[in-house]
Amino acid sequence: MSDLNPTVAELVERSNRLGADPKNTNYAGGNTSAKGTETDPVTGEDVELLWVKGSGGDLGTLTPSGLAVLRLDRMRALVDVYPGVDREDEMVAAFDYCLHGKGGAAPSIDTAMHGLVDAAHVDHLHPDSGIAIATAADGEQLTKEAFGDKVVWVPWRRPGFQLGLDIAAIKETNPQAIGCILGGHGITAWGDTSAQAQKNSLWIIRTAERHIKQHSRKNPFGARVKKWEPLSPARRRVRAAEIAPLLRGVASQDRPMVGHFTDDKVVLDFLASRNHPRLAELGTSCPDHFLRTKVKPMVLDLGPDAPLDKVRARVAELHEAYRADYAAYYERNAKALGGEWPAMRGADPLIILVPGIGMFSYGKDKQTARVAGEFYVNAINVMRGAEGLSTYAPIDESEKFRIEYWALEEAKLQRMPKPKPLATRVALVTGAASGIGLATARKLASEGACVVIADLSLEKARSAAAEIGGTDVAVGVQVDVSDAAAVQSAVDAALLAFGGIDLVVNNAGLSLSRSLLDTTEKDWDLQHDVMAKGSFLVAQAAAKVMIDQGIGGDIVYISSKNSIFAGPNNVAYGAAKADQAHQVRLLAAELGEHGIKVNGVNPDGVVQGSGIFAGGWGASRAAVYGVPEKDLGKFYAQRTLLKREVLPENIANAVFVLCSDQLSHTTGLHVPVDAGVAAAFLR
Ligand SMILES: NC(=O)c1ccc[n+]([C@@H]2O[C@H](COP(=O)([O-])OP(=O)(O)OC[C@H]3O[C@@H](n4cnc5c(N)ncnc54)[C@H](O)[C@@H]3O)[C@@H](O)[C@H]2O)c1
Ligand SMILES: [Zn+2]
């Protein structure tokens, strides 16, 4: 950072400060810029540059590599070749001819505004308070009242080159102005120094907040309605988990989605109000929103206590109506606007509101789902402000459509990397804090799944999850799989974390190596409770979720070579493993009609990383075979046909393959991962 241009350093600092507060701008929303000079390595002369946040980045976490770097003279020269608003999108490709050096990050659509406005520092932000004024029916009048002549109203226009020209002209004709309110959209502020720009941005945001506070009517969303009052926090969460699978199914009809749930007070208050159905129908406004939240949410119109059967029936009706409405919106607008539009991207809702319980939001991964929810919270704040001062009046649906199906947005989507094989899949792995389970959780996460690590110790489950990734990737939950209530709460936790479950690995286990005469009743019960009964309970709770979701699923049992092979000192363990192995076949037969595949893996001799081996089993096996415990892995390897030691990762790979598309037509199968043990061949 030492040879960083000071203008860039200031810009990054300002961006991070502004982006740190979600009230200033939404996640990845808005952009900042600075103009300054650097020595041109070609001529040795000073060259004037524009640094501007590139496409897609987030202000709060912006680094210098997230900036696009353009030659200011060339960027401004585009004005002379600008073909007019009908062809303004062509200017985005022209930015590539203005880049300095390699140009840094890809320039965004807002680059024109930053380059054309005649100020050294420019901020364009999406603050809730600013958008509240920007989306009020009399926003222009409110702008005058709130800011006098320091802030100028710019009527709605889709972001692009023309909007940049408009704002540049406003700055020129209003020398007293420090910024503007962009109708239906957000704010732009400028300054001669970085500090001045930041001060002006924050002044607009805070003045708007104050204005709303002082002038808002009392209950902007109308009176509270008793039947939509929130349930108690504990009941809310139980209820949310109960309906989550149904709603995930709704959001995933066109393509599978990961979910996010929030019962934030902002959401519950909105949903308890009389006006929420009308406002939700009006949809969001900020251009950032439409791809993430769709134009409007689906709203369940039942009280939070409604019987589940009633909810199921009503959700199906509302979903059908939502899809028809969305398809009609697409058809209507594509036809009215004429020309070519990208194909409809699916008609399922991305935001589902449930009065008294909370909000479910959906996306192609957990982060996208979470951010969609955050955006809708922004939208609620905007609606509250706008309704408090005036009437909420977002942009017309044809303008929403022009943004949602904008060729430039479509091109961005097309450029996205291909999703990983397990993207959108939510995996619950039992006994995943150690050994085979941990390796499996790691593998599934690395292939794109969201993973729930369930194990006896919450602390160990959480630290295993943290090692795999943040809470958008993996979470840890406590479970004793032999306890039905504990299994249900682990399943609920998975539903609340990721919206659903579609991949279960029954891995939790333990092993006591005892002869028939030494095996106590307690030994027998423990092994059977954890492995036979435990995997039954987990499969049962998870299958219920999968059936409700209606998008298939996978259940994988980590059985054992010992489910086939008979040897001494193994009666309780081997019998429990044989029980698990037959569950695979029984459940494959029963769940096939729901698209749920059930398969198993038969490992053997996985010494490394295994708590089972470290906890006494290894020592006793070593004694049985007459080898030192530390050489047990090698000893097992020599017994195999391939003469290879089996590692936890080998089992994890088998689980992955069984759940991947590659084996989409396979159910009821056991895959031995034992380096070849003829005595345990399946036939
Ligand atoms: N290691 C091998 O060679 C081998 C061979 C065949 C089968 N297996 C099977 O693989 C699975 C994993 O074994 P590993 O070797 O990784 O052992 P491990 O001890 O390293 O991991 C087992 C995990 O299961 C958890 N667990 C135990 N009882 C539980 C319960 N009631 N509820 C929730 N979690 C519980 C433990 O806390 C532990 O984290 C077991 O089912 C085992 O029988 C292992
Ligand atoms: Zn914007």
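Coordinates for the structure precede this section.
Heads up: these notes are all about the structure in this document. This one's a predicted model, so the numbers in the text were calculated from it and none came from an experiment.

1. Description of the overall build of the protein
1) Next: Helix and strand content of the protein: 24 helices and 19 strands.
2) Next: Intrachain contacts of the protein at a sequence separation of at least 6 include 73% that bridge at least 24 residues.
3) Next: By element, 54% of the accessible surface of the protein is carried by carbon and sulfur atoms, the whole surface being about 28600 Å².
4) Next: Taken together, the 73 basic and 81 acidic charged side chains of the protein have centroids lying 3 Å from each other.

2. Section: the sheet that holds strand β10 (residues 298–299)
1) Next: Ordered in space as β9-β12-β11-β10, the four strands form an open sheet in which the pairing is mixed. The open sheet terminates on both sides in strands that have one partner only, identified here as β9 (258–262) and β10.
2) Next: Bridge count for β10 against strand β11 (residues 351–354) is two bridges, and the pairing is parallel. Note on β11: the bridge partner recorded for Met298 is Ile352.
3) Next: Here helix α9 (residues 233–251) sits on the sheet in contact with β9, β10, β11 and β12 (358–363), set at roughly 35 degrees to β12.

3. Side note on the packing of helix α20 (residues 521–549) against helix α21 (residues 571–591)
1) Next: Following both chains from N to C, one finds α20 and α21 inclined at 15 degrees, their axes separated by 8 Å at the closest point. Compared by their axis directions, α20 and α21 come out roughly parallel. Every pair of crossing elements has a handedness; the one defined by α20 and α21 is right-handed. Two secondary-structure elements touch here, α20 through Asp523, Trp524, Gln527, His528, Met531, Ala532, Ser535, Phe536, Ala539, Ala543 and Ile547 and α21 through Val571, Ala572, Tyr573, Ala575, Ala576, Lys577, Asp579, Gln580, Gln583, Leu587 and Leu591.
2) Next: Taken together, the residues of the contact of α20 with α21 break down into 14 nonpolar, five polar and three charged.

4. Describing the site of ligand 1
1) Next: In the vicinity of ligand 1 lie 27 residues, with Ser434, Asp455, Tyr573, Ser610 and Gly611 positioned nearest.
2) Next: The separation between an oxygen atom of ligand 1 and a polar side-chain atom of Lys577 is 3.0 Å.
3) Next: Calculation on ligand 1 without its partners gives an accessible area of 820 Å², and the protein chains cover 91% of this total.
4) Next: When residues of the shell around ligand 1 are traced back to their parent elements, those giving at least two are α17 (435–446), α21 and α22 (611–625).
5) Next: Here the shell around ligand 1 gets three residues from one element, more than from any other, and that element is α22.
6) Next: Taken together, the residues that form the shell around ligand 1 break down as 12 nonpolar, 11 polar and four charged.

5. Description of the packing of aromatic side chains
1) Next: Scanning the model with the defined rule gives 15 aromatic pairs in all.
2) Next: With 5.6 Å between their ring centres and 70 degrees between their planes, Tyr330 and Phe401 make a pair best called edge-to-face. Of this pair, Tyr330 sits in helix α13 (residues 308–337) while Phe401 sits in helix α15 (residues 397–404), and the two are 71 residues apart along the sequence.
3) Next: Taking relative accessible area as the criterion, Tyr330 reaches 10% and is therefore assigned buried.

6. Here's the deal with the coordination of the zinc ion (ligand 2)
1) Next: Bound to the zinc ion (ligand 2) on the protein side are His124 (NE2), His126 (NE2) and His185 (NE2), at distances that span 2.1 Å.
2) Next: As a motif over one chain, the donors of the zinc ion (ligand 2) read H-x1-H-x58-H. Of this pair, His126 sits in the loop between β5 (121–125) and α5 (128–134) while His185 sits in the loop between β7 (179–182) and β8 (186–191), and the two are 59 residues apart along the sequence. Take His126 and His185: they sit in the same class, and that class is buried.

7. Quick word on the packing of α17 against helix α24 (residues 648–659)
1) Next: α24 packs onto α17 with a crossing angle of 50 degrees between their chain directions and a minimal axis gap of 8 Å. Relative to α24, α17 is oriented oblique. Considering only the axes of α17 and α24, their crossing is right-handed. Residue-level contacts link Gly435, Ile436, Ala439, Thr440, Arg442, Lys443 and Leu444 of α17 to Pro648, Glu649, Ile651, Ala652, Asn653, Val655 and Phe656 of α24.
2) Next: Class assignment of the residues belonging to the contact of α17 with α24 gives a composition of eight nonpolar, three polar and three charged.

8. Notes on the side chain of Thr440
1) Next: Along the polypeptide, Thr440 turns up in helix α17.
2) Next: If sequence neighbours within four positions are ignored, Thr440 has contacts with Val505, Ala652 and Val655.

9. As for the pattern of salt bridges
1) Next: With the rule as written, the count across this model stands at 39 salt bridges.
2) Next: One salt bridge in this structure joins Arg14 and Asp123, with 2.8 Å as the shortest N-O distance. Of this pair, Arg14 sits in helix α1 (residues 6–19) while Asp123 sits in strand β5, placing them 109 residues apart in sequence.
3) Next: With a relative accessible area of 0%, Arg14 lands in the buried category.

10. Overview of the side chain of Arg248
1) Next: Secondary-structure assignment places Arg248 in helix α9.
2) Next: Reaching out from Arg248, the side chain makes a polar contact with the side chain of Asp502 at a distance of 2.8 Å.
3) Next: When neighbours within four sequence positions are excluded, Arg248 is seen to be in contact with Met257, Tyr362, Thr424, Val426, Gly499, Gly500, Ile501, Asp502, Gln549 and Ile551.

11. Re the sheet that holds β7
1) Next: With respect to topology, eight strands assemble into an open sheet ordered β4-β3-β2-β1-β5-β8-β7-β6, the strand pairing being mixed. What marks the edges here is a single partner per strand, and that holds for β4 (99–104) and β6 (151–154). Across the sheet, the axes of successive neighbouring strands diverge by a mean angle of 20 degrees, strand direction being ignored.
2) Next: One ladder, built from five bridges, connects β5 with β8; its direction is antiparallel. Of the residues in β8, the one forming a bridge with Val122 is Trp190.
3) Next: Most of the contacts of α1 go to strand β1 (residues 31–39), to which it runs at about 170 degrees, and overall it touches β1, β2 (46–53), β3 (67–71) and β5.
4) Next: Where helix α8 (residues 194–215) meets the sheet, it contacts β5, β6, β7 and β8, and its direction lies at approximately 150 degrees from that of β8.

12. What to know about the pairing of strand β16 (residues 503–506)
1) Next: Here β16 shows no split at all, with Leu503 and Val505 on one side and Val504 and Asn506 on the other all buried.
2) Next: With three bridges connecting them, strand β13 (residues 426–430) and β16 associate as parallel partners. Residue pairing across strands places Leu428 opposite Val504, the latter belonging to β16.
3) Next: Across four bridges, the pairing between β16 and strand β17 (residues 553–558) is parallel. Paired with Asn506 across the bridge in β17 is Tyr557.

Rules used in this analysis
Residues numbered from 1 in each chain as written. Chains lettered and ligands numbered in written order. Predicted model: local features only at pLDDT ≥ 70, side-chain atom pairs only at ≥ 80, totals over all residues. Heavy atoms only, no water. Helix = DSSP H or I, 4+ residues; strand = E, 2+ residues; numbered from the N terminus. Contact = heavy atoms within 4.5 Å. Areas by Shrake-Rupley, 256 points an atom, 1.4 Å probe, with all protein chains shown as cover. Lys, Arg positive; Asp, Glu negative; His and termini not counted. Charge placed at Lys NZ, Arg CZ, Asp CG, Glu CD. Pairing = 2+ DSSP bridges. Axes fitted to C-alpha atoms, helices over the stretch in contact; angles between N-to-C directions. Parallel < 35°, antiparallel > 145°, perpendicular 65-115°, else oblique. Left-handed = near helix turned anticlockwise from the far one by under 90°. Nonpolar A, V, L, I, M, F, W, Y, C, P; charged D, E, K, R; others polar. Near = heavy atom within 4 Å. Polar contact = N/O pair within 3.5 Å; in protein donor to acceptor, adjacent residues only side chain to side chain. Phe/Tyr/Trp six-rings, centres within 6.5 Å; stacked < 30°, edge-to-face > 60°. Buried < 20%, exposed > 50% of the residue type's maximum accessible area, 1.4 Å probe, protein only. Donors = N, O, S within 2.8 Å, 3.2 Å for Na, K, Ca; no water. Salt bridge = Lys/Arg side-chain N within 4 Å of Asp/Glu carboxyl O.

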